[in-house]
Amino acid sequence: MTAAVIDGKAFAATLRARVGDLARAFEDKAGRKAGLAVVLVGEDPASQVYVRSKGKSTLEAGMASFEHKLPADTAEADLLAVVEKLNADPAVDGILVQLPLPRHMDEQKVIAAIAPDKDVDGFHVINAGRLAVGQPGFVPCTPLGCLMLLKDKLGSLSGLDAVVIGRSNIVGKPMAQLLLAESCTVTIAHSRTKDLPEVVRRADIVVAAVGRPEMVKADWIKPGATVIDVGINRVPAAEEGKTRLVGDVDYAGVSQVAGAITPVPGGVGPMTIAVLLRNTLVAAHRNAGLELSADAI
Ligand code: NDP
């Protein structure tokens, strides 16, 4: 058996186009564009790439993009002052502070300073709490993107056994909450889990968010299971001095057993920015007091 490939790149392109149409409709109704502010502190090369690509995608979706680049030695108080200014700015619907922050800053304190209704990354404890109790809020982009792919592939997830490998606040925990809300029976596995292969073998849905190249093997997978690979790992390529991206799942082996699988790259990765734009559009509607039906997006 060869698994169906879940094309996250195509799904993300469709979602971005839909967000673009709705962003233009928002502008007509609200008399302004939806706006996303991204704050980057320091010169981490990967963060610079992410911020540039978020800015470009925001403009492509017909939204306003505000970039704030601060030097690495910025005082925490000065970053907090920038966040406060963005909280108060009516042109800004969403605020994203690119992580990781330099070591002298307390990430939790900075995230806590973002107005929860502009926290389009969904990292604020208020939004984590809303997700946990089933109230509307903002859900972290990567796990929400994974859920969209799963629902698109499987329809109803009710009653399915789901195993999430990883318990970070950014991916694993919110992923588990989302699957629970869809009435899956959810197991969260992590580095202390006993006999991980046996735990994973029970799953109809496997979400791997570990950060270990090709850790999940074919003989861990129940035949026909749906496998979502969140991992992004850079490993040496066959060609001297080059690298390539692999996920947390042994794609070649697992795709012989699974029913459906996301590739790396081209699976979960492209969903993250598409969902960020979607969350910004939702924030803009809420901030402007406009309706946006859940079916529209
Ligand atoms: P973290 O490092 O925060 O969390 C990793 C989790 O994996 C931890 O809960 C850890 O357990 C668990 N883990 C580590 N080793 C093992 C093991 N041997 N067996 C079982 N569990 C293990 O990572 P993130 O959640 O931030 O990211 C996970 C992966 O997803 C990374 O590859 C990252 O690059 C990628 N990612 C991709 C995104 C995208 O856009 N596609 C966005 C965000 C992340 P414990 O808690 O016990 O230490």
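Residues numbered from 1 in each chain as written. Predicted model: local features only at pLDDT ≥ 70, side-chain atom pairs only at ≥ 80, totals over all residues. Heavy atoms only, no water.

Chemist: Please clarify how helix α10 (residues 269–288) should be interpreted in this entry.
Modeler: Residue pairs three or four apart in sequence face the same way in an α-helix, which turns once every 3.6 residues. Its 20 residues give α10 an end-to-end C-alpha distance of 30 Å, which sits within 8% of 28 Å, the value for a rise of 1.5 Å per residue. For α10, the buried fraction is high: 14 of the 20 residues fall into the buried class. One or two residues past the end of α10 sits Gly-289, with phi positive at roughly 70 degrees. (Helix = DSSP H or I, 4+ residues; strand = E, 2+ residues; numbered from the N terminus. Expected span 1.5 Å × (residues − 1). Buried < 20%, exposed > 50% of the residue type's maximum accessible area, 1.4 Å probe, protein only.)

Chemist: Help me out: how do you make sense of the nonpolar core in this one?
Modeler: One broad trend across soluble globular proteins is that nonpolar side chains are buried collectively. Formed by 52 residues in total, the largest nonpolar core has its most connected members in Leu-15, Met-63, Met-175, Leu-179, Val-207, Ile-228 and Val-230. Those elements that place two or more of their residues in this core are α1 (8–30), β2 (35–41), α6 (141–154), β5 (161–165), α7 (172–181), β7 (205–208) and α10. Ranked by residues supplied to this core, first place goes to α10 with ten residues. Residues in contact with Leu-179, not counting those within four places in the same chain, are Leu-147, Leu-150, Leu-157, Ala-162, Val-164, Cys-184, Val-186 and Val-207. (Core = buried A, V, L, I, M, F, W, Y, C linked by side-chain atoms within 4.5 Å. Contact = heavy atoms within 4.5 Å.)

Chemist: It is not clear to me how the packing of aromatic side chains should be interpreted in this structure. Could you clarify?
Modeler: Within a pair of aromatic rings, the relevant descriptors are the distance that separates the centres and the angle that separates the planes. Throughout the structure, instances matching the rule amount to zero aromatic pairs. The ring of Phe-138 carries Arg-286 above its face, with NZ or CZ at 4.8 Å from the centroid. (Phe/Tyr/Trp six-rings, centres within 6.5 Å; stacked < 30°, edge-to-face > 60°. Lys NZ or Arg CZ within 6 Å of the ring centre and 35° of its normal.)

Chemist: How do you make sense of the packing of α6 against α7 when you look at a structure like this?
Modeler: Each packed pair of helices is defined by two parameters, the angle between the axes and the distance between the axes. Contact pair α6 / α7: the axes reach a minimum separation of 9 Å and the direction vectors enclose 35 degrees. The element α6 and its partner α7 pack so that their crossing is right-handed. Where α6 abuts α7, its residues Pro-143, Leu-144, Cys-146, Leu-147 and Leu-150 lie against Pro-174, Met-175, Leu-178 and Leu-179. The residue inventory of the contact of α6 with α7, partitioned by class, reads nine nonpolar, no polar and no charged. (Axes fitted to C-alpha atoms, helices over the stretch in contact; angles between N-to-C directions. Left-handed = near helix turned anticlockwise from the far one by under 90°. Nonpolar A, V, L, I, M, F, W, Y, C, P; charged D, E, K, R; others polar.)

Chemist: Can you help me understand the sheet that holds β2 in this one?
Modeler: In a beta sheet, neighbouring strands are held together by backbone hydrogen bonds and run either parallel or antiparallel to one another. Taken together, three strands build an open sheet; the order of strands is β3-β2-β4 and the sheet is parallel. Since the sheet does not close on itself, it has two edges, and those belong to β3 (64–70) and β4 (94–97), each with one partner. Strand after strand, the sheet turns through a mean of 15 degrees between neighbouring axes, direction not considered. By the bridge criterion, seven bridges tie β2 to β3 in an arrangement that is parallel. By the bridge assignment for β3, Gly-35 is matched with Ala-64. Across the sheet, helix α2 (residues 45–60) touches β2, β3 and β4, and the angle it forms with β3 is around 160 degrees. (Pairing = 2+ DSSP bridges.)

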